[in-house]
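# Residue-level structural notes
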Amino acid sequence: MTDSINTDLQTRLQWSLLSLRLGVFIVMVMWTLDKFVNPGHSARIFEHFYGISGSTDTIAYILGALQLLLVIAFLVGFKKRITYGVIFIMHGLSTLSSYNQYIDGFNNLLFFAAWPIWAACFALYLLRDQDVKFTVK
């Protein structure tokens, strides 16, 4: 009886972690694709939220290509300690750099969606060894 309960729990955990990984991937890949589709938007984000000015389309494309490699590696569970950790840190920096939007929260409600995504990144990092559904070895 205990084995079937453990097996059921393990199965549910694996599907839950996969759903978190897919959800985080969708958000991250859209931000990645934005660097290719609208590199000027990326330049404005770098300047407004991170204080980095002078970004060019070429820089956006290079960062987009690197980020695309990272999010694909994250999606397939490649080198989880590294990829899940970097995704967690990147999303955390993005979430925390938006602090002014949280001060005026009711005029920036969508920014609050970053917090549960960051929590999902944290859960995935902590449970990375159990996240095995559709991952590479």
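The rules we used
- Going along each chain's sequence as written, the residues are numbered from 1 onward.
- Two thresholds apply to this predicted model, a pLDDT of at least 70 for residue-level local features and 80 or more for giving and counting side-chain atom pairs, whereas whole-chain, interface and lining totals are computed over all residues.
- Calculation of side-chain values draws on the structure's entire complement of heavy atoms; hydrogens and water are dropped beforehand.
- UniProt positions are given in the numbering used here, feature names are shortened, and annotations may be inferred rather than shown by experiment.
- Numbered from the N terminus, helices here are DSSP runs of H or I no shorter than four residues, and strands are runs of E no shorter than two.
- Points on a 1 Å grid, built from protein atoms alone, make a cavity when a 1.4 Å probe fits but cannot get out and make a pocket when they are open with protein on both sides within 12 Å along at least 5 of 7 lines; residues with an atom within 4 Å of a point are the lining residues.
- Grid points are joined across faces, edges and corners, and a volume is the space filled by probe spheres set on the points.
- Any residue that is not Ala, Val, Leu, Ile, Met, Phe, Trp, Tyr, Cys, Pro, Asp, Glu, Lys or Arg is counted as polar, Gly included; the first ten are nonpolar and the last four charged.
- What makes a salt bridge here is a side-chain nitrogen of Lys or Arg within 4 Å of a carboxyl oxygen of Asp or Glu, nothing more.
- We call a residue buried when its accessible area falls under 20% of the maximum for its residue type, exposed when it is over 50%, and partly exposed in between, using a 1.4 Å probe and counting protein chains only.

For the protein chain, the name recorded in an unreviewed UniProt entry is DoxX protein, with Pseudoalteromonas undina as its organism.

A few words on the UniProt feature "transmembrane region" (unreviewed entry) in the protein chain. Following the UniProt record, the feature "transmembrane region" (unreviewed entry) maps to residues 12–33, 59–78 and 109–127 here. The distance separating the terminal C-alpha atoms of residues 12–33 is 31 Å; by composition the span is 100% helix and 0% strand. Annotated as 90% helix and 0% strand, the span residues 59–78 places its first and last C-alpha atoms 25 Å apart.

A separate point is the layout of surface pockets. Estimated volume of the largest pocket: approximately 870 Å³. As for the largest pocket, its lining consists of 28 residues, and the residues nearest its centre are Trp31, Ile45, Tyr50, His91 and Ser94. Along the lines of polarity and charge, the residues of the lining of the largest pocket split into 19 nonpolar, seven polar and two charged.

Right, let's get into the pattern of salt bridges. Per the counting criterion, the structure on display carries two salt bridges. Across the pair Asp8 and Arg12 runs a salt bridge whose closest N-O atoms are separated by 3.0 Å. One end of the pair, Asp8, and the other, Arg12, are both in helix 1 (residues 2–37), four residues apart, so they sit about a helical turn from each other. Salt-bridge contacts for Asp131 lead to Arg21; the nearest nitrogen and oxygen are separated by 2.8 Å. Linking Asp131 in the segment after helix 6 (114–126) with Arg21 in helix 1, this pair joins segments that are 110 residues apart in sequence. For the pair shown, Asp131 and Arg21 are each scored as buried.

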